[in-house]
Amino acid sequence: MAEKVLAAVRTGPSKTEIREYAMPDIPFDGALLKMEVGGICGTDVKLYKHPPNNKPTIMGHENIGYIAKAGREFTQRKGFKEGDLVFVEHYVSCGKCEWCHAGQYRHCENTNWRTNPDAIRYGYTSDEKPPHLWGGFAQYMYLPWNAVIHHVPKGVTPELAGLVTPMANGVEWSLFDGNIGYNSTVLIQGPGQQGLSQTVICKQAGASLIIVTGTAKDKARMEVAKKLGADYVIDVSKEDPLARIMEITGGKGVDVALDCTAGAGTIPILLGIEALKRKAGIIVAQGELKEFPNFPLEKFTVKFITMKSARGHSYRACELALEQIASKRFPLELITTHRFGLNDVDKAIKAVGGEGIPDVIHASLMPWL
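Residues numbered from 1 in each chain as written. Predicted model: local features only at pLDDT ≥ 70, side-chain atom pairs only at ≥ 80, totals over all residues. Heavy atoms only, no water.

Novice: Help me out: how do you make sense of empty space enclosed by the protein in this one?
Specialist: One water molecule sets the probe size; rolling that probe over the atoms shows where empty space is left. Under the counting rule described, the total for this entry stands at one cavity of 30 Å³ or more. By volume, the largest cavity is sized at about 30 Å³. Along the walls of the largest cavity sit Ala8, Val9, Arg10, Thr16, Thr57, Ile58, Met59, Phe137, Val345 and Ile349, which together make up its complete lining. Contributions of two or more residues to the lining of the largest cavity are made by β1 (4-12) and α12 (345-352). Looking at the lining of the largest cavity, the element that brings in the most residues is β1, giving three residues. Counted by class, the lining of the largest cavity contains seven nonpolar, two polar and one charged residues. (1 Å grid on protein atoms, 1.4 Å probe; cavity = no way out; pocket = protein on both sides within 12 Å on 5 of 7 lines; lining within 4 Å. Points joined across faces, edges and corners; volume = space filled by probe spheres on them. Helix = DSSP H or I, 4+ residues; strand = E, 2+ residues; numbered from the N terminus. Nonpolar A, V, L, I, M, F, W, Y, C, P; charged D, E, K, R; others polar.)

Here it is in structure tokens:
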């Protein structure tokens with residue numbers, strides 16, 4: 001094993017440099033992950049352009065790799081051995097608070113980077129915190145005793161396994177939060193990797209109608225949406241989406257509206273409110289607008305709408321996502337469109353954000369390319 005580890009480090013807004021780190025010592029209750037794929041998503045685009053702090057950080061929170069070295073207690077406690085191909089969630093929880101005991105470790109203060117300056121979360125924690133390797137855009141990543149890890153099923157390649165995070169979000173947001181099931185009607189706004197993952201999960205769950213919206217620049221993604229199970233796609237830059245949704249549903253509207261857009265402002269929520277059925281529809285929102293002027297609270301209340309916030313994923317959602325990928329029921333390789341090496345992190349993140357290389361959906365950062 002090499003004595004040094006190379007990593008791509010965010011050193012400022014939209015700035016990356018390759019740095020070298022010493023190979024860390026692995027304690028009896030820790031492990032070392034040899035990275036194979038670090039997925040790149042819209043959150044990376046946002047955090048790269050507008051970092052939450054000015055500290056140098058190894059990004060990468062959708063991480064697949066092989067256990068390269070594992071301490072005896074790590075193996076005994078967690079059930080993973082050297083050579084296992086695994087998916088590592090980005091949450092690193094305390095294991096003892098009320099959220100952890102409830103199985104909702106994603107809400108644990110130990111991993112909440114927004115409120116806790118010492119929080120540990122892969123892709124978010126600064127390299128200033130020993131042993132420094134807290135992100136997937138590196139050759140190796142450190143795994144403490146409280147890392148949340150999943151076995152990748154046999155027959156699933158590391159690149160396809162890189163879709164676990166968006167697919168797990170699909171399970172969490174559409175099934176668990178949106179209550180989508182047999183005969184549900186669904187509006188999915190945004191045909192990026194999140195929206196396409198929602199499409200797959202909704203189809204698997206038995207939704208009878210799936211409508212996906214996008215813009216002219218999403219033409220290729222909309223074609224992928226249809227191949228993954230969308231019944232209709234709507235280009236909102238060419239036709240009135242609400243009128244088309246009502247035409248498709250015979251004026252009834254949809255049961256659930258999922259907002260998977262990026263940077264679309266208040267429009268997706270407003271369209272969702274209008275497009276939902278007469279009573280008791282559900283909106284799942286993942287945007288983080290600081291203000292929402294003129295929110296139509298009266299219509300929201302009269303229509304008896306429930307709104308839920310999309311906040312990450314649970315352990316069960318990840319397990320179901322891995323099973324979905326392993327089933328090979330859907331052509332998920334249509335989502336994993338591009339590969340990049342460690343030296344191309346800047347190009348890769350910008351491409352996912354729509355700059356430079358066209359038609360990128362999910363990018364795989366492969367540090368050994």
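Novice: Explanation requested: the packing of helix α5 (residues 164-177) against helix α6 (residues 193-205) in the structure shown.
Specialist: Helices that pack against each other are described as a pair by the angle of their axes relative to one another and the distance between those axes. As a packed pair, α5 and α6 sit with axes 8 Å apart at the nearest point and diverge in direction by 60 degrees. What the angle tells us is that α5 and α6 run oblique. Considering how the two elements wind past one another, α5 and α6 form a crossing that is right-handed. For the pair α5 and α6, contact is made by Pro166, Met167, Asn169, Gly170, Val171, Trp173, Ser174 and Leu175 and by Gln193, Gln194, Ser197, Gln198, Val200, Ile201, Cys202 and Ala205, respectively. For the contact of α5 with α6, the residue count by class is nine nonpolar, seven polar and no charged. (Axes fitted to C-alpha atoms, helices over the stretch in contact; angles between N-to-C directions. Parallel < 35°, antiparallel > 145°, perpendicular 65-115°, else oblique. Left-handed = near helix turned anticlockwise from the far one by under 90°. Contact = heavy atoms within 4.5 Å.)

Novice: Before we go on, may I ask you to explain the layout of surface pockets in this structure?
Specialist: In this structure, the second largest pocket encloses a volume near 340 Å³. Taken together, 17 residues line the second largest pocket, and the ones lying closest to its centre are Asn53, Lys55, Asn116, Pro117 and Ala119. When its residues are assigned to classes, the lining of the second largest pocket shows six nonpolar, five polar and six charged.

Novice: What is the right way to look at the sheet that holds strand β8 (residues 185-189) in this model?
Specialist: In any sheet, the strands associate via hydrogen bonds between backbone groups, in a parallel or an antiparallel arrangement. Strand order in the open sheet made by the six strands is β10-β9-β8-β11-β12-β13, with parallel pairing throughout. Because the sheet does not close on itself, it has two edges, and the strands there are β10 (232-235) and β13 (306-309). Put simply, the sheet's adjacent strands are angled 15 degrees from each other on average, direction ignored. Bridging between strand β12 (residues 282-285) and β13 involves four bridges; their strand directions are parallel. Bridged to Ile282 within β13 is Thr306. In this fold helix α9 (residues 267-275) packs onto β8, β11 (256-259), β12 and β13, with an angle of close to 165 degrees to the strand it touches most, β8. (Pairing = 2+ DSSP bridges.)

Novice: Quick question: what am I supposed to make of the pattern of salt bridges here?
Specialist: Any two side chains of opposite charge can pair, given that their charged atoms come close. Applying the stated rule across the entire model yields 17 salt bridges. Ionic pairing is found between Lys226 and Glu223, a salt bridge with its closest N-O pair at 3.2 Å. Note that Lys226 and Glu223 are positioned in helix α7 (residues 219-227) at a spacing of three residues, about one turn of the helix. According to the relative accessible area criterion, Lys226 is partly exposed, its value standing at 40%. Within this structure, Lys46, Arg114, Glu288 and Arg311 form a network of salt bridges that share partners. (Salt bridge = Lys/Arg side-chain N within 4 Å of Asp/Glu carboxyl O. Buried < 20%, exposed > 50% of the residue type's maximum accessible area, 1.4 Å probe, protein only.)

None of the figures reported here should be taken as evidence of function without further support.
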